[in-house]
Amino acid sequence: MTDVTDGVLRTLFRSDQGGHEQVVLCQDRASGLKAVIALHSTALGPALGGTRFYPYASEEEAVADALNLSRGMSYKNAMAGLDHGGGKAVIIGDPETIKSEELLLAYGRFVASLGGRYVTACDVGTYVADMDVVARECRWTTGRSPENGGAGDSSVLTAFGVFQGMRASAQHLWGDPTLRGRKVAVAGVGKVGHHLVEHLLSDGAEVVITDVREESVRRITDLHPEVAVATDTAALIRTEGLDIYAPCALGGALNDDTVPVLTAKVVCGAANNQLAHPGIEKDLADRAILYAPDYVVNAGGVIQVADELHGFDFDRCKAKATKIFDTTLTIFARAKDDGIPPAAAADRIAEQRMAEARRS
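All values reported here derive from a predicted model rather than from experimental measurement.

### Overview of the overall build of the protein
Check the secondary structure of the protein and you find 15 helices and 12 strands. Relative to the compact-globule value of 21 Å for 360 residues, the protein shows a C-alpha radius of gyration of 19 Å, a close match. Its C-alpha atoms give the protein principal-axis dimensions of about 55 × 45 × 40 Å. Counting contacts in the protein only where the partners sit at least 6 residues apart, residues at least 24 apart contribute 65% of the total.

### Examining the pattern of salt bridges
Note on pairing: side chains with opposite charge can pair once their charged atoms come close. Counted by the stated rule, this structure contains 19 salt bridges. Across the salt bridge formed by Asp 65 and Arg 52, the nearest N and O atoms sit 3.6 Å from each other. With Asp 65 in helix α2 (residues 59-79) and Arg 52 in strand β4 (residues 51-54), this residue pair connects regions lying 13 residues apart in the sequence. Arg 52 carries the same exposure label as Asp 65, and that label is buried. Taking the shortest distance from any N to any O, the salt bridge between Arg 316 and Asp 307 comes out at 2.8 Å.

### Points about the side chain of His 84
Structurally, His 84 is set in the loop between α2 and β5 (85-92). Judged by its relative accessible area of 7%, His 84 is buried. A distance of 2.9 Å separates a polar atom in the side chain of His 84 from the backbone oxygen of Pro 46. Not counting chain neighbours up to four residues away, the residues in contact with His 84 comprise Leu 44, Gly 45, Pro 46, Leu 48, Asn 77, Ala 306 and Leu 309.

### Quick look at the packing of aromatic side chains
A complete count under the given rule lists 3 aromatic pairs for this structure. With a centroid separation of 6.4 Å and an interplanar angle of 70°, the aromatic rings of Phe 312 and Phe 314 are classed as edge-to-face. On the basis of relative accessible area, Phe 312 is assigned to the partly exposed category, the value being 29%. Between Arg 182 and the ring centre of Trp 174, over which it is positioned, the NZ or CZ distance is 3.9 Å.

### Regarding the nonpolar core
Counting residues in hydrophobic clusters, the biggest one holds 64 residues, and the most contacted among them are Ile 37, Tyr 107, Met 166, Val 186, Leu 196 and Leu 200. The residues contacting Tyr 107, other than those within four sequence positions of it, are Leu 33, Ala 35, Ile 37, Thr 51, Ala 89, Ile 91, Tyr 118, Thr 120 and Val 134.

### Things to note about the packing of helix α12 (residues 300-308) against helix α13 (residues 314-322)
Direction vectors running N to C along α12 and α13 enclose 145°, while the axes themselves pass 9 Å from each other. Crossing of α12 against α13: the hand is right-handed. Contact residues: α12 offers Gly 300, Ile 303, Gln 304 and Asp 307, while α13 offers Arg 316, Cys 317, Lys 320 and Ala 321. The class makeup of the residues in the contact of α12 with α13 is 3 nonpolar, 2 polar and 3 charged.

### A few points about the sheet that holds strand β10 (residues 244-247)
Taking strand neighbours across the sheet as the criterion, the 6 strands line up as β9-β8-β7-β10-β11-β12 in an open arrangement whose pairing is parallel. Because the sheet does not close on itself, it has two edges, and the strands there are β9 (228-229) and β12 (290-291). Relative to β10, strand β7 (residues 183-187) is paired through 4 bridges, and the arrangement is parallel. Pairing of Val 186 across the sheet is with Ala 246, part of β10. Helix α7 (residues 193-202) contacts β7, β8 (206-210) and β10 of the sheet and is inclined by roughly 170° relative to β7.

### Here's the deal with the side chain of Thr 258
Mapped onto the elements, Thr 258 comes out in the loop between β10 and β11 (266-267). Note on Thr 258: relative accessible area 16%, which makes it buried. Here Ala 253 takes part through its backbone oxygen, which lies 2.8 Å from a polar atom of the side chain of Thr 258. When sequence neighbours within four positions are dropped, the list of residues in contact with Thr 258 reads Ile 237 and Ala 253.

### Here's the deal with the environment of Ile 37
Among the secondary structure elements, Ile 37 is positioned in strand β2 (residues 33-41). On the basis of relative accessible area, Ile 37 is assigned to the buried category, the value being 1%. Taking C-alpha positions, Ile 37 is 8.7 Å from Val 63, a pair spaced 26 residues apart along the chain. If sequence neighbours within four positions are ignored, Ile 37 has contacts with Gln 22, Val 23, Val 24, Cys 26, Lys 88, Ala 89, Tyr 107, Phe 110, Val 111, Leu 114 and Tyr 118.

What counts and what doesn't
- Residues numbered from 1 in each chain as written.
- Predicted model: local features only at pLDDT ≥ 70, side-chain atom pairs only at ≥ 80, totals over all residues.
- Heavy atoms only, no water.
- Helix = DSSP H or I, 4+ residues; strand = E, 2+ residues; numbered from the N terminus.
- Rg over C-alpha atoms; globule rule 2.2 N^0.38 Å.
- Contact = heavy atoms within 4.5 Å.
- Salt bridge = Lys/Arg side-chain N within 4 Å of Asp/Glu carboxyl O.
- Buried < 20%, exposed > 50% of the residue type's maximum accessible area, 1.4 Å probe, protein only.
- Polar contact = N/O pair within 3.5 Å; in protein donor to acceptor, adjacent residues only side chain to side chain.
- Phe/Tyr/Trp six-rings, centres within 6.5 Å; stacked < 30°, edge-to-face > 60°.
- Lys NZ or Arg CZ within 6 Å of the ring centre and 35° of its normal.
- Core = buried A, V, L, I, M, F, W, Y, C linked by side-chain atoms within 4.5 Å.
- Axes fitted to C-alpha atoms, helices over the stretch in contact; angles between N-to-C directions.
- Left-handed = near helix turned anticlockwise from the far one by under 90°.
- Nonpolar A, V, L, I, M, F, W, Y, C, P; charged D, E, K, R; others polar.
- Pairing = 2+ DSSP bridges.

Spelled out as structure tokens, the structure:
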């Protein structure tokens, strides 16, 4: 554990990826809960971000993920125009085997102990039903079911926002926001990806998919036999004639191995932290691949859960998520004016908003 602690301290206090306000390590031995809650910034308001439940290979990997994800939420919330800072929680373990009511209640008590500095929601491995349980111990819980005063599944607006980002990318690159006739590859057709596929098909796109879960693929192909299937992500990104690639699973999809072989002209997807390390955004630009920053285009879900805190209205949320189209175009314009990749342009805009909030 000493190595883990040393790694956390180096990241928090001495690295460019640091700057977090607070990191909480949580343990409840009775239920088996081991969790990390990371608050990156509360400059714009209470930190808001989901709870990821995942079988990390090590505690250090879990801490690193919480730090990266919470930092990303600060930028996402800032770019979405929300009065929230960035936070994220991870629960260590396989949700298929250790998730229980007792564990979720214990987790809820830890979140509640922060007194509203962190507002939680769903993420990979957690669902609306889980947030209903957490909410029994913590009033700072969103993503609950409508029956329990919540907004329900946030993946609907997440997918809608990504679709708006794709439309903006098409407008910027080809002068027309329609995706009709464009070939779009979607990696991961789970909670968000399957909704995105529906938007693409409705707009006339040609769609190719892949997913590690056969049932997720079959759910789509049973309804839409015209959708093509790639054996895996490695095959998907090499598909000839791709216009757009949408990573919609876990992070790190854009790395030293995948970027050189991408056939798509645009990357726009729902996954968080798609850039595996600093410098990948330049590699994309060098290959003339337009990158729509992930935390900008996938903000529809956080827009929805934030609205839940004020009395949820779906039409109001959808109107806000529609603005992702304009925000994405603004980022592309800023990138062109400043001579930098879109990811760097988005960072500059988000950092400016956070800095102005700290000064006010």
